[in-house]
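# Close look at the chain arrangement
Each chain is listed here by its residues.
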Amino acid sequence: MEIKVLKDILSANDQIAERNRALLLAKKVTVLNVMSSPGSGKTSLILETIRALKGRVRIAVIEGDIASTIDAQKVGQEKVPVVQINTGGECHLEAGQVGRALDSLPLDQTDLVLIENVGNLVCPGEFRLGEDKKVVILSVPEGDDKVHKYPLLFTMADAVVITKIDLLPYTRFDVPAFLQAIGGMNPQARVFQVSCTSGEGLGEWVEWVTSVIRK
Amino acid sequence: MHEMAITQSMVNLVLEEARKGGARRVTSISLVLGELSGVVGDCVELYFGLMSRDTPAEGAAISIKSVPTRARCRKCAREFEVKDLDWICPECGSVSVELVAGHELFVESIEVE
């Protein structure tokens with residue numbers, strides 16, 4: 001006997017993501033899911049965002065890594081609540097892990113949760129976490145062609161951040177080609193060009209973050 | 001890379017559907033996987049063998065329909081297959097294209113006894 005199923009394989013994850021979302025809506029908390037390959041500067045961008053919004057926006061952070069608490073320690077030095085999730089080998093965060101992390105954050109005293117996903121430009125795209133916006137980072141040394149090689153995340157992004165732009169003079173990263181590719185594939189995405197070293201472009205990024213926070 | 005989590009979700013979904021259908025055994029599973037989802041069918045089959053052990057789905061045959069990535073041009077509305085990850089309209093050369101297929105990741109049907 002045949003049973004028609006026609007159900008998304010990740011529907012169980014999606015349901016938990018919806019539960020996370022309902023909780024976050026009730027608590028008036030906005031969530032950004034920050035995704036990129038390892039080493040592209042997710043933690044640096046999160047740290048700069050915390051510093052820029054200190055005293056104005058109450059931020060908490062969920063750190064996703066395969067192993068270690070290095071990132072959580074760095075973020076903790078900024079005196080914000082932080083939860084480290086170690087996936088123990090899995091290449092992405094799942095909604096259940098984020099749900100448990102949210103339970104241990106002081107959501108009543110939080111405006112914005114920044115989720116740093118596991119460094120990976122493929123897998124995190126499939127797993128909804130209950131976020132409001134997806135942020136995809138690409139650093140200059142990785143090369144502008146990554147938008148073509150790993151299109152899924154870029155087609156889903158609400159914001160794309162090019163990081164390490166202070167390195168542009170030393171690489172062949174073609175900014176116009178990248179902007180054209182993103183603009184074609186995902187015209188709704190806002191694109192930012194920043195350097196956490198020089199501070200260039202961070203103001204515009206932080207302004208966008210502020211604009212998406214649920215009042 | 002994420003096939004382990006995806007296969008576990010698939011096994012859970014299949015067992016739940018089989019239970020609801022009052023089945024004793026699952027003999028085959030039809031999956032639809034979009035090319036862009038990056039899920040490797042061989043990995044799913046390998047993990048399935050391990051994860052379905054001692055369940056009613058043990059030994060089920062897996063058939064995978066792979067869906068190529070397709071896009072539609074926002075300028076001239078031409079639909080085309082995205083080959084070699086070249087997101088350019090073959091008709092008018094525009095790079096303003098939207099994804100229409102290739103992100104599928106679902107269980108189409110199961111065969112049970």
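Residues numbered from 1 in each chain as written. Chains lettered and ligands numbered in written order. Predicted model: local features only at pLDDT ≥ 70, side-chain atom pairs only at ≥ 80, totals over all residues. Heavy atoms only, no water.

## Some thoughts on the environment of B:S52
All names here are of chain B. Turning to its location among the elements, S52 is positioned in the loop between α2 (41–51) and β2 (61–67). Taking the C-alpha atoms as reference points, S52 and L15, 37 residues apart in sequence, are found 9.2 Å from one another. Residues contacting S52, with those up to four places away along its chain left out, are A57, E58 and G59. Within the local environment of S52, its side chain forms a polar contact with the backbone oxygen of F48, the two atoms lying 2.7 Å apart. (Helix = DSSP H or I, 4+ residues; strand = E, 2+ residues; numbered from the N terminus. Contact = heavy atoms within 4.5 Å. Polar contact = N/O pair within 3.5 Å; in protein donor to acceptor, adjacent residues only side chain to side chain.)

## Some thoughts on the sheet that holds strand β6 (residues 105–112) of chain B
Sheet architecture is open: four strands sit in the order β1(A)-β6(B)-β1(B)-β2(B), paired in mixed fashion. Only two strands of the sheet have a single partner each, and these edge strands are β1 (2–8) of chain A together with β2 of chain B. Averaged over all adjacent pairs, the angle separating strand axes in this sheet is 15°, with direction ignored. (Pairing = 2+ DSSP bridges. Axes fitted to C-alpha atoms, helices over the stretch in contact; angles between N-to-C directions.)

## Re the pairing of strand β2 (residues 30–35) of chain A
Residue and element names in this part refer to chain A. Within β2, six of the six residues are buried, which leaves it mostly tucked inside the rest of the structure. Every second residue of β2 is oriented toward a common face, with T30, L32 and V34 on one face and V31, N33 and M35 on the other, all of them buried. Judged from the four bridges that link them, β2 and strand β6 (residues 133–139) form a sheet pairing that is parallel. Paired with V34 across the two strands is V135, which belongs to β6. (Buried < 20%, exposed > 50% of the residue type's maximum accessible area, 1.4 Å probe, protein only.)

## Structural notes on the interface of chain B and chain A
Interfaces are often sized by the accessible area lost when the parts come together. Contact with chain B, which involves 31 residues of that partner, is made by 30 residues of chain A. Of the roughly 2,800 Å² buried where chain B meets chain A, counting both sides, 64% is carbon and sulfur surface. On the chain B side of the interface with chain A, the three residues burying the most area are B:H2, B:W87 and B:L105, jointly 18% of the side's total. B:E17 is paired through a salt bridge with A:K7; the nearest N and O atoms lie 2.6 Å apart. Of the pairings in the sheet, the one linking β1(A) to β6(B) comprises five bridges and is antiparallel in character. Bridge pairing in β6(B) places A:E2 opposite B:E111. (Buried area = accessible area lost by both parts, 1.4 Å probe. Salt bridge = Lys/Arg side-chain N within 4 Å of Asp/Glu carboxyl O.)

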